[in-house]
Structures are given as C-alpha cells and as structure tokens.
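These are the residues of each chain, in order.
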Amino acid sequence: GVLLVGSPFLIYVAMDSHRNWITRGVAFILCIVLLLVVVRTGSRGAIITIIAMAGLTFVMTSAANKLKMLVLCGLLVFAFPLVVSKTMMARFGTILNSGAAATSNDTASAMESTNARRALMKQGILLTLRHPLFGVGLGNFSHQSANLFIARGEAPLWFTCHDIYLLISSETGLPGFIMYIAFVVV
C-alpha cells in the first residue's frame, strides 16, 4: 500500500518543477527513506514494484531528469548490498533463481519461503476455480487452503495467499474480483 499510494505521491512532488526546492527536497528525502524501509522488509514483490515504478518514472521524465535518475539508480545499486543484510540478499536472490541449490541457511530459508508462497498461490487458483461465484468467504482462505493440503495428505500451511488478486478472487469469487479491479481502475 505504501509503495502504490505513498511513493507515487512523493515522486510526483519531488519531480514537480513548479514547487519550491525545499518541498521537493523533503519529498525526495522521504522517497529515499521509504525506499530503505521497504527494502529492509525483505519483500520481493516490493523490489519488483520499485523497479517497475522506477522504469515508469524514467519513461515519463525529461532528458535532464533521466540522467539524474541513472546516476541515482547507479548509487542505489552500489549501496544496496551495504544496506541490506545477507539474509535479505538471499531472499531477493530467489526472484530470478528459485530453483538453485541452497548454499546457506539464509538461501534455504528464502527458497522455502518462495516455495510456500508458490503453493499458496496454487491454492488460491484452485479455490477460485472451485468456488467461482461466491468464493470461500471473507477471511476463510487460510482454513479452506489448509483443508485442501490435508485432503492431499500434505502438511497444511495456515497462511493467507500473498497475492492480493488471488486472495480476493478465492474469497469473494469472480464477481467480487471484477468489482475490486473496477474499484482500483476508478
């Protein structure tokens, strides 16, 4: 939510040449703070979102600002390993290479997390297909997903789906999903 709502606002204020330099500077500093906070959470989805937002901002900005962005991104890429722990680096490494052999406890933990999220994503798809009209009910994903694991003789994962779209479609059905997407678009 912070990435999708807060950072676009801050980026807009930081890049608005009609604002005074103090306001723009504060917005820029808050962008950097927000970036650091989000990166330190270890969210792989957040990293992908940050990269997508940086790409979109790069496309929409002037040539002079593109040069500034390239320099800033270069600095951030250089500073990234200095700011982020080894555990988080292992988590981020699973974005592109989730099938590699675990070389450390950090890597094994990150791969286990990736596999659990992938299993929950599949459960979300399966629950949506089994209950397309009304879903399983709000807040019932964990219970219904665990029941599917147990029915297959597997250890249940008592977590919610980390993909908000699959969570909404599985809990509210396709009509609820369509209404949610319409709300986001509006």
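Note that the structure is a prediction, hence the values are computed from the model and not measured.

*Asks:* In this structure, what is going on with the overall build of the protein chain? I would like to understand it.
*Replies:* When helices and strands are counted, the protein chain shows 8 helices and 0 strands. Counted from the first residue to the last, the protein chain has its helices and strands arranged as α-α-α-α-α-α-α-α. When each of the 186 residues of the protein chain is scored for burial, the buried share is 28%. For the protein chain, long-range pairs separated by at least 24 residues make up 52% of all intrachain contacts whose partners lie at least 6 apart in sequence. Element-wise, carbon and sulfur atoms account for 72% of the exposed surface of the protein chain, whose accessible area totals about 12,100 Å².

*Asks:* So what exactly am I meant to see when it comes to helix α2 (residues 21-40) here?
*Replies:* For an α-helix, the turn length of 3.6 residues means that residues three or four places apart are oriented alike. With 20 residues, α2 should reach 28 Å at 1.5 Å per residue; the first-to-last C-alpha distance of 28 Å fits that figure. Near the N-terminus of α2, the side chain that reaches the backbone nitrogen of Ile22, with its oxygen 3.1 Å away, is that of Asn20. Looking one or two residues past α2, Gly42 carries a phi angle of roughly 85 degrees, positive in sign.

*Asks:* How should the packing of aromatic side chains be read in this particular structure?
*Replies:* For any pair of aromatic rings, the description rests on two quantities: the centre-to-centre distance and the angle between the ring planes. If you walk through the whole model with that rule in mind, you get 1 aromatic pair. Centre to centre, the rings of Tyr165 and Tyr180 are 6.2 Å apart; their planes meet at 65 degrees, and the pair counts as edge-to-face. For the cation-ring pair, Lys66 lies above Phe58, with the distance from its terminal atom to the ring centre recorded as 5.5 Å.

*Asks:* Whenever I open this one, the environment of Leu70 confuses me. Can you help?
*Replies:* Mapped onto the elements of the fold, Leu70 is located in helix α4 (residues 63-83). Leu70 gets classed as exposed once you look at its relative accessible area, which sits at 53%. Sequence spacing of Leu70 and Phe58 is 12 residues, and the spatial spacing of their C-alpha atoms is 8.7 Å.

*Asks:* Would you explain a nonpolar patch on the surface in this entry?
*Replies:* Side chains of Trp21, Ile22, Val26 and Leu30 sit close together on the surface and give an oily, nonpolar patch of about 460 Å² of accessible area. Among the structural elements, Trp21 can be located in helix α2. We classify Trp21 as exposed; its relative accessible area is 69%.

*Asks:* I would appreciate a short explanation of α4 in the present structure.
*Replies:* Given a rise of 1.5 Å per residue, 21 residues ought to cover 30 Å, and the 29 Å separating the end C-alpha atoms of α4 matches this to within 8%. Along α4, the helix axis deviates most sharply at Val77, where the bend reaches about 25 degrees; the proline Pro81 sits within four residues downstream.

*Asks:* Looking at this structure, how should I read the packing of α2 against α4?
*Replies:* The geometry of a pair of packed helices is captured by two quantities: the angle between their axes and the separation between those axes. At a minimum axis distance of 12 Å, the contact between α2 and α4 shows a crossing angle of 40 degrees. The angle between the axes of α2 and α4 places the two elements in the oblique class. Here the hand of the crossing between α2 and α4 comes out right-handed. Where α2 approaches α4, its residues Phe28, Ile32, Leu35, Leu36, Val39 and Arg40 are matched on the opposing element by Leu72, Leu76, Phe80 and Val83. Looking at side-chain class alone, the contact of α2 with α4 contains 9 nonpolar, no polar and 1 charged residues.

The rules behind each value
Residues numbered from 1 in each chain as written. Predicted model: local features only at pLDDT ≥ 70, side-chain atom pairs only at ≥ 80, totals over all residues. Heavy atoms only, no water. Helix = DSSP H or I, 4+ residues; strand = E, 2+ residues; numbered from the N terminus. Buried < 20%, exposed > 50% of the residue type's maximum accessible area, 1.4 Å probe, protein only. Contact = heavy atoms within 4.5 Å. Areas by Shrake-Rupley, 256 points an atom, 1.4 Å probe, with all protein chains shown as cover. Expected span 1.5 Å × (residues − 1). Polar contact = N/O pair within 3.5 Å; in protein donor to acceptor, adjacent residues only side chain to side chain. Phe/Tyr/Trp six-rings, centres within 6.5 Å; stacked < 30°, edge-to-face > 60°. Lys NZ or Arg CZ within 6 Å of the ring centre and 35° of its normal. Patch = residues over 30% accessible without salt bridge, like charges linked within 9 Å, V, L, I, M, F, W, Y side chains within 5 Å. Salt bridge = Lys/Arg side-chain N within 4 Å of Asp/Glu carboxyl O. Bend = angle between axes of the 7 residues up to and from the residue. Axes fitted to C-alpha atoms, helices over the stretch in contact; angles between N-to-C directions. Parallel < 35°, antiparallel > 145°, perpendicular 65-115°, else oblique. Left-handed = near helix turned anticlockwise from the far one by under 90°. Nonpolar A, V, L, I, M, F, W, Y, C, P; charged D, E, K, R; others polar.

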